[in-house]
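Commentary on secondary and tertiary structure
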Amino acid sequence: MNKPPPPPPSVGWDSPAMARRLRRRYASERRFRRLGAMAVTLSAAFLAFLLITMLAQGLGGFTETRVAMPINLAAADLPIEPARLKGRGADLALAGAGLEDAVDTAATAAFGPMGSDLLSPGAWIVVRDAIKADPSLLHRTVRFELPLASRYDVAAKGVGTPQAEQVVAQLQARGLVSTGWDLGFLRDADATDPTRVGIWGAAKGSLLTMLVTLGLAFPIGVLAALYLEEYAPKNRWTDMIEVSINNLAAVPSIIFGLLGLAVFLGSFGLPRSAPLVGGLTLALMTMPVIVIAGRNAIKAVPPSIRDAALAVGASRVQVIFHHVLPLALPGILTGTIIGMARALGETAPLLMIGMRAFIAAPPQGLTDPATVLPVQIFLWSDQVDRGFIEKTSAAIIVLLVFLLAMNGLAIYLRNRFETRW
């Protein structure tokens, strides 16, 4: 019997054609790997540029420039009784005692006719707090470190006008200028002067708003996801609900602001610019995201776990709450926190319900007027004073810390409760 002829050399594994095909395949794979590495590098570069820019512009917002100045409080003859400096009436007693005039007079004596313009409008508050802590200061001359006005504060940081930088240079030559942490920025609320503004009012407003949002969106969203996956029949009605939820998750956030304006403020008459209304509005926006994340997490639980629980006599409710929900909890919590992080950074819906007002005191409750971090950043970025530029960047840093903390919490919860099977 004759053997079949061998294949032509052009189609063998060692043929030149096959070698060219392998070279093209390996070259294509190398190009793809290089493109992937370039994409990751470009993304990391943009992130690094954002963080470096924010840090460079915002770190100055956490500091303030001070000038040393003596004040003879004994010569000022302030009408203050030491007995009234105890308790809650101390602020009221010092507010009407002429401290502002005494500070302006001391500044004029120390720096000339324009001395009072060097100081921040809130410089007298430093003196007031010192007197509250030590009433004996009223009987002697004291050297205070008082904050400079905004134009000189930014000049000391290298971004002021030439005239202001010249004045600061003269003060530095005399050894009167120092820089320190501005603790008031972390504990105060909004103000008209950039040297007196604080982020705590907006941060507390964001915290209260997020508590309302979480308290409403999480239980309702999880229960809705459980019902749709475990109880609801598969028909046109549930299909329409599913499509509606998916569409709501993609609706622009400002639409929810209009809904909150019409329903919560117009129909229910709830207080304007309150964390309660802001939380209700953001809950409407966050709930579809939680439902979708919850359904996906519940759907990922293997059916064998349900069948095994039912086989040993567990009821439907026991199957869901003892087996399905604990296994789906990591995915639900991750989706919830990511949705909350998105809500924390929203501005448009809160602008529609009036949370862009000037709030000079932190809110004490859910119905008090308040603002939130994104809106506070928006308001400061619209100011003409150059001192608000670094305060805006500093507020962005605080917001980024909040967001990173929430995303870090999501990663921790997933790793903590995740069960592998």
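About the thresholds
Residues numbered from 1 in each chain as written. Predicted model: local features only at pLDDT ≥ 70, side-chain atom pairs only at ≥ 80, totals over all residues. Heavy atoms only, no water. UniProt positions renumbered as here; feature names shortened; annotations may be inferred. Helix = DSSP H or I, 4+ residues; strand = E, 2+ residues; numbered from the N terminus. Pairing = 2+ DSSP bridges. Axes fitted to C-alpha atoms, helices over the stretch in contact; angles between N-to-C directions. Contact = heavy atoms within 4.5 Å. Parallel < 35°, antiparallel > 145°, perpendicular 65-115°, else oblique. Left-handed = near helix turned anticlockwise from the far one by under 90°. Nonpolar A, V, L, I, M, F, W, Y, C, P; charged D, E, K, R; others polar.

UniProt annotation of "domain: ABC transmembrane type-1" (unreviewed entry) refers to residues 203–410 when read in the numbering used here. Secondary structure across residues 203–410 comprises 76% helix and 0% strand; the distance between its end C-alpha atoms is 20 Å.

Here we take up the sheet that holds strand β2 (residues 141–147). With respect to topology, three strands assemble into an open sheet ordered β2-β1-β3, the strand pairing being antiparallel. Taken across any chain shown, the strands that pair with only one partner, and hence form the sheet edges, are β2 and β3 (177–181). Between one strand and the next, the sheet's axes are offset by a mean angle of 40°, whatever the strand orientation. Pairing between strand β1 (residues 63–72) and β2: seven bridges, direction antiparallel. Pairing of R66 across the sheet is with P147, part of β2. Relative to β1, helix α4 (residues 99–111) is tilted by about 90°, and along the sheet it contacts β1 and β2.

Located in the positive-phi region is S273, a residue other than glycine, with phi close to 60°. Residue placement: S273 occurs in the loop between α12 (253–267) and α13 (275–299).

What follows deals with the packing of α13 against helix α15 (residues 316–344). Any two packed helices are characterised by how steeply their axes cross, that is the angle between the axes, and by the distance between the axes. One way to put it is that α13 packs onto α15 with a least axis distance of 8 Å and a crossing angle of 150°. In terms of axis orientation, α13 runs roughly antiparallel to α15. Like other packed secondary-structure pairs, α13 and α15 cross with a definite hand, here right-handed. Judged by residue contacts, L282, M285, T286, V289, I290, A293, G294, A297 and I298 of α13 engage V324, A328, G331, I332, G335, T336, G339, M340, R342 and A343 from α15. When grouped by side-chain class, the residues that make up the contact of α13 with α15 number twelve nonpolar, six polar and one charged.

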